[in-house]
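Next come the chains, spelled out residue by residue.
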Amino acid sequence: MIDKKNLIKQWTPPAFLDLFRSMSNRTIRMSGNYSNWEDVMAQCEGYNQSVIFEKTLASALQVKNGLKPYERDSVLFDRIVYSWPILTSLLWTATQYAGKLRVLDFGGALGTSYFQNKKFIDHLDEVSWNIVEQPKMAELGSKYLQDNILSFSSSIEEGFHSCSPNFVLLSSSLQYVQEPFNVIDDLAIRNVPVIALDKTPFLKNDQKTFIQKQSVPSQIYPASYPCYLFNEHEIIKKFEDHSYRLIETFHCQDHLSTRAIWKGMILRKTY
């Protein structure tokens, strides 16, 4: 079993929404071809900066208080852009469990996906949504955003204890973790019925998984961090090793590298 507390500390934020792709194309930079995470980190500013946490919190509170409909990576938008396959899979899971939806949202920031889908899941008989984040983010979420449905944890183990999930969401998070295949092991070994990936970069050819440096535009916040570009077959095989069957794949709106396609997956546990 991996050291989850140290793993969480390595997290960096997700990729950016297609709504501001025109700005991103000019400023977000994906560079290099690395096999070693530490080599990339040595060139990066990182994400653990107070200005980033403060900006993310301020935006999340505007959404929670109904002043804005949607935020992602601290950027506020005037409309929600849905990931319809993810929303469908959330509701599909609930129908199989008597209207009960219990989500573990790995790397879910301060509730981006929860507030994005809230209006559609509010009618369910039971909803719990636990976000597993790095300690500082989890602390802010617990203090300012937590309620009887939304909660925050700083480790996978704590998150599972909090909500006993029937659905795990990895939305634009797996590629920013130092040991993504260990994360898959740690999640899949717990036999959650449904696991969904969203906004995850897969290489256009069959080359081996590697790492690039992603630099964020200063208009959002000044940061840079490692980002995995995955071999799709490697990821699928990793889930299959834990008896998960691929139900569906879908394309996403994020396009941050010419070498990869951002996609999602829905996987179901077979017993």
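Please read these numbers as outputs of a predicted model, since none were measured by experiment.

A. Looking closely at the overall build of the protein chain. Scanning the protein chain from N- to C-terminus turns up ten helices and twelve strands. Expressed as a percentage of its 271 residues, the buried residues of the protein chain come to 59%. Taking contacts inside the protein chain between residues at least 6 apart in sequence as the whole, the part at least 24 apart equals 75%. Accessible surface computed for the protein chain: about 11,400 Å², of which carbon and sulfur atoms make up 48%.

B. Examining the sheet that holds strand S4 (residues 100–106) more closely. Taking strand neighbours across the sheet as the criterion, the seven strands line up as S6-S5-S4-S7-S8-S12-S11 in an open arrangement whose pairing is mixed. This sheet does not close on itself; its edge strands, each paired only once, are strand S6 (150–153) and strand S11 (244–251). Here the strands of the sheet are splayed against their neighbours by 25 degrees on average, with no regard to which way each runs. Relative to strand S12 (residues 260–269), S11 is paired through seven bridges, and the arrangement is antiparallel. Among the inter-strand pairings, His251 is bridged to a residue of S12, identified as Lys263. Here helix H5 (residues 84–95) sits on the sheet in contact with S4, strand S5 (126–132), strand S7 (167–171), strand S8 (194–203), S11 and S12, set at roughly 160 degrees to S8.

C. The sheet that holds strand S10 (residues 223–229), seen in detail. Sheet architecture is open: three strands sit in the order S1-S9-S10, paired in antiparallel fashion. The open sheet has two free edges, formed respectively by strand S1 (29–34) and S10, since each of these has just one partner strand. If you compare each strand with its neighbour and ignore which way they point, the axes differ by 30 degrees on average. Note: strand S9 (residues 210–216) against S10, seven bridges, orientation antiparallel. For Lys213, the partnering residue across the bridge sits in S10 and is Pro226.

D. The arrangement of the packing of aromatic side chains in detail. Taken as a whole and judged by the stated rule, the model has twelve aromatic pairs. Within the aromatic cluster, the residues linked to one another by ring pairs are Trp37, Phe181, Phe202, Tyr228 and Phe230. Sitting above the plane of the Phe160 ring, Arg190 keeps its charged end 4.9 Å from the centroid.

E. Up close: helix H10 (residues 232–240). Looking only at H10, the buried set comprises Glu232, Ile235, Ile236 and Phe239. On an axial view of H10, the arc spanned by its buried residues comes to 95 degrees, and they lie on one face. Along its buried surface, H10 packs onto helix H9 (180–188), S8, S11 and S12. Its side-chain oxygen placed 2.9 Å from the backbone nitrogen of His233, Asn231 serves as the N-cap of H10.

F. Representation of the nonpolar core. Membership of the largest hydrophobic core comes to 52 residues, with the highest contact counts inside it found for Leu101, Leu110, Trp129, Leu145, Leu150 and Phe167. If one sorts the elements of this core by residue count, helix H4 (residues 50–64) sits on top with five residues. Beyond its immediate stretch of four places on either side in the chain, Phe167 contacts Ser89, Leu90, Thr93, Leu101, Arg102, Val103, Leu104, Val192, Val194 and Ala196. Of all hydrophobic cores here, the second largest spans 31 residues; its members include Phe160, Ile184, Phe202 and Leu267.

G. Representation of the environment of Asp206 within the structure. When you line up the elements, Asp206 lands in the loop between S8 and S9. Sequence separation of Asp206 and Glu234 is 28 residues, and the distance between their C-alpha atoms is 9.7 Å. With residues near it in sequence (within four places) discarded, Asp206 still touches Asn231 and His233.

The rules behind these values
- Residues numbered from 1 in each chain as written.
- Predicted model: local features only at pLDDT ≥ 70, side-chain atom pairs only at ≥ 80, totals over all residues.
- Heavy atoms only, no water.
- Helix = DSSP H or I, 4+ residues; strand = E, 2+ residues; numbered from the N terminus.
- Buried < 20%, exposed > 50% of the residue type's maximum accessible area, 1.4 Å probe, protein only.
- Contact = heavy atoms within 4.5 Å.
- Areas by Shrake-Rupley, 256 points an atom, 1.4 Å probe, with all protein chains shown as cover.
- Pairing = 2+ DSSP bridges.
- Axes fitted to C-alpha atoms, helices over the stretch in contact; angles between N-to-C directions.
- Phe/Tyr/Trp six-rings, centres within 6.5 Å; stacked < 30°, edge-to-face > 60°.
- Lys NZ or Arg CZ within 6 Å of the ring centre and 35° of its normal.
- Arc of directions from axis to C-beta.
- Polar contact = N/O pair within 3.5 Å; in protein donor to acceptor, adjacent residues only side chain to side chain.
- Core = buried A, V, L, I, M, F, W, Y, C linked by side-chain atoms within 4.5 Å.

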